[in-house]
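Here is how the chains run, residue by residue.
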Amino acid sequence: MSAIAPAGLLSLGFPVASPALETFGLKFSSGGAHISRTMMIKELGALLASVPQGSGVGDYREAILHQNVLGKTTDSTRQKSLRHLRELYSLDEATPVFGLLRKLYAMDAASLPLLGVQVAWARDPLLRATTEPVLDASEGERVETASLAEALAADFGDRYSELSRNKIARNAASSWTQSGYLTGRAKKTRQRIEPTVAAVTMALFLGDRTGHHGDVVFSSPWCRLLGLSSDRAKVVGFEAHRAGLLNLRAVGEVIELRFPLLADLQGQLS
């Protein structure tokens, strides 16, 4: 089991690195796709709509490079798209975080923006580093790209030049917009998100798999990423239970949470 970082990014308690979590699909290195790309939610949606669930790694590669389901004009852009989508989502259903995304997308395709951001957030430390200015902003408040760049500097010091930080910040701002947290083009403002039962199922599963058990699961990093209080996360968790996405029981202060539909994705964590 991975220990929980005591005061990590945004004090969200993102788990510390471990081989088991890396096998599960989380990433902890300093780099990430947001150096040069956004979370590419439009491309991800086109890919998932074209490649059936249960496909292998080669099928995703074939769809991007040879079938050109993303509509890219050159071989170079197809190769780059494949590389960045792999960085963000793995595109390997044997990697639990992507297998989880595929299963929940099949149940509720409209939830893809909030499913995608949870996986991208788990796999791209650069996106994670820009979380605080977004989640701390009130609904309707301006979120400046400069504040995202400052958050990157606070997390990574001088590892990236000012030019690179600004580019990463612009890409991250686009990703927060694609996933519904921000709205606007040049001037971005915070807007409320309404997590679906599929998105909350993912949040609870990822929280449980990374060591947040019992009542603590409702305040895991992923529930907080979705802007959910512990009480609200529990309410939507029971909605997910009624929808058949998970099994949730509360006996006094004891919480029993199981994921029979996702049991094959537990990987090496327990």
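Everything below is about the structure shown above.
Now for a quick tour of the structure. (Residues numbered from 1 in each chain as written. Predicted model: local features only at pLDDT ≥ 70, side-chain atom pairs only at ≥ 80, totals over all residues. Heavy atoms only, no water.)

Within the secondary structure layout, Leu101 lies in helix 5 (residues 96-107). The exposure class of Leu101 is buried, given its relative accessible area of 0%. Along the chain, Leu101 and Met202 lie 101 residues apart, while their C-alpha atoms are 7.8 Å from each other. (Helix = DSSP H or I, 4+ residues; strand = E, 2+ residues; numbered from the N terminus. Buried < 20%, exposed > 50% of the residue type's maximum accessible area, 1.4 Å probe, protein only.)

Here we take up the nonpolar core. Membership of the largest hydrophobic core comes to 82 residues, with the highest contact counts inside it found for Tyr89, Leu101, Trp176 and Tyr181. If we ignore the near neighbours within four places in the chain, the residues touching Tyr89 are Met39, Ile41, Leu44, Phe98, Leu101, Gly116, Val119, Ala120 and Arg123. (Core = buried A, V, L, I, M, F, W, Y, C linked by side-chain atoms within 4.5 Å. Contact = heavy atoms within 4.5 Å.)

Inspection of the secondary structure assignment puts Leu47 in helix 2 (residues 41-50). Looking at Leu47, the relative accessible area reads 0%, which means it is buried.

Another point: the packing of helix 5 against helix 11 (residues 197-209). Describing two packed helices takes the angle between their axes plus the distance from one axis to the other. In the contact formed by helix 5 and helix 11, the axes pass within 10 Å of each other and the chain directions differ by 155°. Compared by their axis directions, helix 5 and helix 11 come out roughly antiparallel. In terms of crossing hand, the pair formed by helix 5 and helix 11 is right-handed. Contact with helix 5, carried on its side by Val97, Leu100, Leu101 and Leu104, involves Ala198, Thr201, Met202, Phe205 and Leu206 of helix 11 and no other residues of that element. (Axes fitted to C-alpha atoms, helices over the stretch in contact; angles between N-to-C directions. Parallel < 35°, antiparallel > 145°, perpendicular 65-115°, else oblique. Left-handed = near helix turned anticlockwise from the far one by under 90°.)

What follows concerns the pattern of salt bridges. The final tally for this structure, using the stated rule, is eight salt bridges. Between Asp75 and Arg78 there is a salt bridge, and its shortest N-O distance comes to 3.7 Å. Placement of both Asp75 and Arg78 in helix 4 (residues 75-89) is noted, with a separation of three residues, approximately one turn of the helix. With a closest N to O distance of 3.1 Å, Lys234 and Asp215 form a salt bridge. Residue Lys234 is found in helix 13 (residues 230-242), and its partner Asp215 is found in the loop between helix 11 and helix 12 (221-225); the two are separated by 19 residues along the sequence. Accessibility expressed as a relative area gives 24% for Lys234, which makes it partly exposed. On the accessibility criterion, Asp215 (34% relative accessible area) is partly exposed. (Salt bridge = Lys/Arg side-chain N within 4 Å of Asp/Glu carboxyl O.)

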